[in-house]
Amino acid sequence: MDNPVPLPILQGMDTDLIIVGGGLNGPALALATAQAGFRVTIIDALPLDTREDPAFDGRSYALALASKRLLAGIGIWDQIADHAQPMLEIKVTDGRAGEGPSPWMLHFDHAELEEGPMGYLVEDRHLRRAFLDAMAATPGITHLSEQMVTAQSVDASGASVTLASGDVVTGHLLIGSDGRQSGTATRAGIKRMGWGYDQTAVVCAVEHALPHHGIAHQFFMPGGPLAILPLTGNRSSIVWSEETARAKALIAMDDADFLDALRPAFGSFLGEISLTGARFSYPLGLSLAQAFVADRVALVGDAAHGVHPIAGQGLNAGLRDVAALAQVLQEARGRGEDIGGTQTLARYQQWRRFDTATLAAATDTFNKLFSNDNPLLRGLRDFGMGAINAAPGLRRRFMREAAGLTGDLPKLMRG
Ligand SMILES: Cc1cc2nc3c(=O)[nH]c(=O)nc-3n(C[C@H](O)[C@H](O)[C@H](O)COP(=O)(O)OP(=O)(O)OC[C@H]3O[C@@H](n4cnc5c(N)ncnc54)[C@H](O)[C@@H]3O)c2cc1C
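Residues numbered from 1 in each chain as written. Predicted model: local features only at pLDDT ≥ 70, side-chain atom pairs only at ≥ 80, totals over all residues. Heavy atoms only, no water.

**Section: the pattern of salt bridges**
And then number 1: For the coordinates displayed, the defined rule picks out 24 salt bridges.
And then number 2: Its salt-bridge partner being Arg400, residue Glu115 comes within 3.0 Å of it at the nearest N-O pair. Of this pair, Glu115 sits in the loop between strand E6 (100–109) and strand E7 (119–123) while Arg400 sits in helix H12 (residues 392–402); the two residues are 285 residues apart in sequence, bridging distant segments of the chain.
And then number 3: As a salt-bridge pair, Asp355 and Arg352 come within 2.9 Å of each other at their nearest N and O atoms. Taken together, the residues span about one helical turn, with Asp355 and Arg352 both in helix H10 (residues 342–370) at a distance of three residues.
And then number 4: Connected via shared salt-bridge partners are Asp57, Arg59, Asp124 and Arg128. (Salt bridge = Lys/Arg side-chain N within 4 Å of Asp/Glu carboxyl O. Helix = DSSP H or I, 4+ residues; strand = E, 2+ residues; numbered from the N terminus.)

If you want it as structure tokens, here you go:
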């Protein structure tokens, strides 16, 4: 784990925070901490032009209201606001392909929340671009692209990482935002638990004849949930989770066959549909780090907790890690404490670990309960949905949860 040879310090690379992983949570943390006066070096394995390519990732994210506040707080919301579709209502139904939704339905309407829309749909290409531009414009951030971290080392005074090029970066705290297979966690000796779901999400965007009115739909199908999420204009993002073998077949189809397969599940409520771009696939699983911190190491985002997208909460949970860690670090520095010290990191872990374990358990249970055609479970879940729908207090609680407004909110998410 620890590198046996003393590491030379590369000129000009000495930094407060070393962030490994420039996906989405890494850049958010780089901005939040650099704006608070920390020197930050963020490292990502991919070349910059890959990240800048609009076809790099087909996902759109349902960003909770609390996440929107964070993005506004770190100064990038203005750049994406024109591309963000407010999520005004959510309709959840139990369905079977060809049968349409069951009469049991859960309906969440933002009009019942005083804070406004529960969240916003933002396409990856706009979010990523905004992060890259903001990082380039922020003094205090050194962004190393196309650099793979291959080793790390910590001691009482600091942490260092070695890049594939042989260069070394040293800092006070090493942060792993390097995704579900986090090498930062592995090298720090942090074990993971989790499993695959034998499900793959097929993701694409469609254009439709009729307006969506800002309504997000979730249909629970036997193979997995189908989410239809409103994008700007008459467009929606599809996240179609299916058993992996079926998902592979869906990806292999030509566009016309794929649309023929999608239509019975999608329904006709938005009129005629057509594809507006490529299809992408993402294997689904649960991957939870058994600790979020180790000596001079902290994990954020999927490196700490990779969950099923059934509730659209993975990135939201990661951004909450970001806001919490940025606040813990700022407060530690204000008290003159070591930002990589055990006490500082324990505060971060205590704040975030229980929340994310609960989210992981909830998404895992929902997926198991809903991704099947067992008549008993179907009856149970339909009864449950009907009961929640009939109880305004419960409905409101679910909406506040989806908007990210519950629990101990970090300052950056309070608006
Ligand atoms: C189909 C689908 C739909 C989703 N929808 C939603 C949604 O609606 N709302 C929501 O909140 N969440 C959603 N999520 C979850 C969300 O996509 C993830 O939580 C989020 O993308 C994780 O970002 P990250 O920055 O933590 O990790 P990643 O995006 O995985 O980034 C990790 C980065 O680390 C880099 N890296 C790894 N190892 C190294 C190394 N050794 N050296 C240098 N760099 C390295 C990689 O290049 C990569 O760029 C969805 C997920 C899926 C699969």
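**Thoughts on the packing of aromatic side chains**
And then number 1: Tallied over the entire structure, the rule returns seven aromatic pairs.
And then number 2: Both rings, one in Phe219 and one in Phe269, keep their centres 6.4 Å apart while their planes meet at 80°; by these two values the pair is edge-to-face. Residue Phe219 is found in strand E14 (residues 215–221), and its partner Phe269 is found in the loop between helix H8 (255–266) and strand E17 (273–275); the two are separated by 50 residues along the sequence.
And then number 3: For Phe219, a relative accessible area of 7% corresponds to the buried category.
And then number 4: By relative accessible area, Phe269 is classed as partly exposed at 34%.
And then number 5: For the pair Phe266 and Phe269, a centre-to-centre distance of 5.8 Å together with 20° between the ring planes defines the contact as stacked. (Phe/Tyr/Trp six-rings, centres within 6.5 Å; stacked < 30°, edge-to-face > 60°. Buried < 20%, exposed > 50% of the residue type's maximum accessible area, 1.4 Å probe, protein only.)

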